[in-house]
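One letter stands for each residue in the lines below.
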Amino acid sequence: MTRSFRKGAIGALLDEYEKALSALKEVIKTIPDHALTVIIDPDTADDNCRSVQTILSHVVSSGFGYATSIHNLHGHQLVRPAKVFHLSISEYMEDLDQVFIFTEKVFSAFKDNELEQTDDALKIKAGWGQVYDIEQMAEHAIVHILRHRRQIERIKLQQLADALNR
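Below, the structure is looked at part by part.

What counts and what doesn't
- Residues numbered from 1 in each chain as written.
- Predicted model: local features only at pLDDT ≥ 70, side-chain atom pairs only at ≥ 80, totals over all residues.
- Heavy atoms only, no water.
- Axes fitted to C-alpha atoms, helices over the stretch in contact; angles between N-to-C directions.
- Helix = DSSP H or I, 4+ residues; strand = E, 2+ residues; numbered from the N terminus.
- Parallel < 35°, antiparallel > 145°, perpendicular 65-115°, else oblique.
- Left-handed = near helix turned anticlockwise from the far one by under 90°.
- Contact = heavy atoms within 4.5 Å.
- Nonpolar A, V, L, I, M, F, W, Y, C, P; charged D, E, K, R; others polar.
- Buried < 20%, exposed > 50% of the residue type's maximum accessible area, 1.4 Å probe, protein only.
- Polar contact = N/O pair within 3.5 Å; in protein donor to acceptor, adjacent residues only side chain to side chain.
- Core = buried A, V, L, I, M, F, W, Y, C linked by side-chain atoms within 4.5 Å.
- Phe/Tyr/Trp six-rings, centres within 6.5 Å; stacked < 30°, edge-to-face > 60°.
- Expected span 1.5 Å × (residues − 1).

Let us look at the packing of helix 2 (residues 52–71) against helix 3 (residues 89–107). For the pair helix 2 and helix 3, interaxial distance at closest approach is 9 Å and the crossing angle is 10 degrees. Relative to helix 3, helix 2 is oriented roughly parallel. The interaxial crossing formed by helix 2 with helix 3 has left-handed handedness. Here helix 2 contributes Gln 53, Leu 56, Ser 57, Val 59, Val 60, Gly 63, Phe 64, Ala 67, Thr 68, Ile 70 and His 71 to the contact with helix 3, which in turn contributes Ile 89, Tyr 92, Asp 95, Leu 96, Gln 98, Val 99, Phe 102, Thr 103, Val 106 and Phe 107. Each residue belonging to the contact of helix 2 with helix 3 can be placed in one class, and the counts come to 13 nonpolar, seven polar and one charged.

If you want it as structure tokens, here you go:
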């Protein structure tokens, strides 16, 4: 099997981001639409983790947020899109594709030598207070998807176990 790789450090980040999104899409593609809104954790303090729907809406919103923050380093004042809650997996699959397309477009305006930054004044201050350079924000975005992919995999396994124990 032949695989092509993008060039440079930005290319590597985009390759890994695309790979993480593809793995998440692979996990969610078999989830029936009616299962999206099932409350899987009624006791959580995190509203982003109550159902597969809230998890996926959070992942999509965060993906646009990370890319928007990077984009705005060049002096733009773009506001990330509002969080949307869908009732079908196909809509989330499309949103995940759009997150990648947007992220790829954002990175097309940067060069590899802009990724790392030691001056905090030139970094991104995340909504939760952490300060990142572009590379760190991109790495966080990748791991964020991986963590939620794992979370959904665990949900699917638990639901299967629950169904088998009935």
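Picking up after the structure, the text goes on.
Moving on, we come to the environment of Gln 158. Relative to the helices and strands, Gln 158 resides in helix 4 (residues 134–164). On a C-alpha basis, the gap between Gln 158 and Gln 136 in space is 33 Å, while along the polypeptide they are 22 residues apart.

This part takes up the side chain of Thr 103. Along the chain, Thr 103 falls in helix 3. Exposure remark for Thr 103: the relative accessible area of 5% places this residue in the buried category. Polar contacts involving the side chain of Thr 103 include one to the main-chain carbonyl oxygen of Val 99, which spans 2.8 Å. Here Thr 103 is in contact with Leu 14, Tyr 17, Gly 63 and Ala 67, once residues within four sequence places are set aside.

Another point: the nonpolar core. Core analysis: the largest hydrophobic core is formed by 41 residues, its most contacted members being Tyr 17, Leu 24, Ile 28, Leu 56, Ile 70, Phe 107 and Ile 152. Counting residues per element, the ones that place at least two in this core are helix 1 (8–28), helix 2, helix 3 and helix 4. If sequence neighbours within four positions are ignored, Ile 28 has contacts with Leu 56, Ile 89, Tyr 92, Met 93, Leu 96 and Ile 152.

For the structure shown, the criterion picks out four aromatic pairs. Here Phe 64 and Phe 102 contribute two aromatic rings whose centre-to-centre distance is 5.7 Å and whose plane-to-plane angle is 50 degrees, an arrangement assigned as tilted. Of the two residues, Phe 64 sits in helix 2 while Phe 102 sits in helix 3, which places them 38 residues apart along the sequence. By relative accessible area, Phe 64 is classed as buried at 15%. The interplanar angle of 90 degrees and the centroid separation of 6.4 Å between the aromatic rings of Tyr 66 and Trp 128 together place this pair among those described as edge-to-face. Taken together, the residues span a long stretch of sequence, with Tyr 66 in helix 2 and Trp 128 in the loop between strand 1 (124–125) and strand 2 (131–132) at a distance of 62 residues.

This next bit is on the environment of Gln 117. As for its placement among the helices and strands, Gln 117 is situated in the loop between helix 3 and strand 1. Between the C-alpha atoms of Gln 117 and Ile 134, which are 17 residues apart in sequence, the distance is 7.7 Å. Not counting residues within four places of it along the chain, the set of residues in contact with Gln 117 comprises Leu 122, Lys 123 and Asp 133.

A separate point is helix 1. Along an α-helix, a turn takes 3.6 residues, which lines up residues three or four apart on a common side. The end-to-end C-alpha separation of helix 1 is 30 Å, in line with the 30 Å expected for 21 residues at 1.5 Å each. Taken as a whole, helix 1 has its buried residues at Ile 10, Gly 11, Leu 13, Leu 14, Asp 15, Tyr 17, Ala 20, Leu 21, Leu 24, Lys 25, Val 27 and Ile 28.

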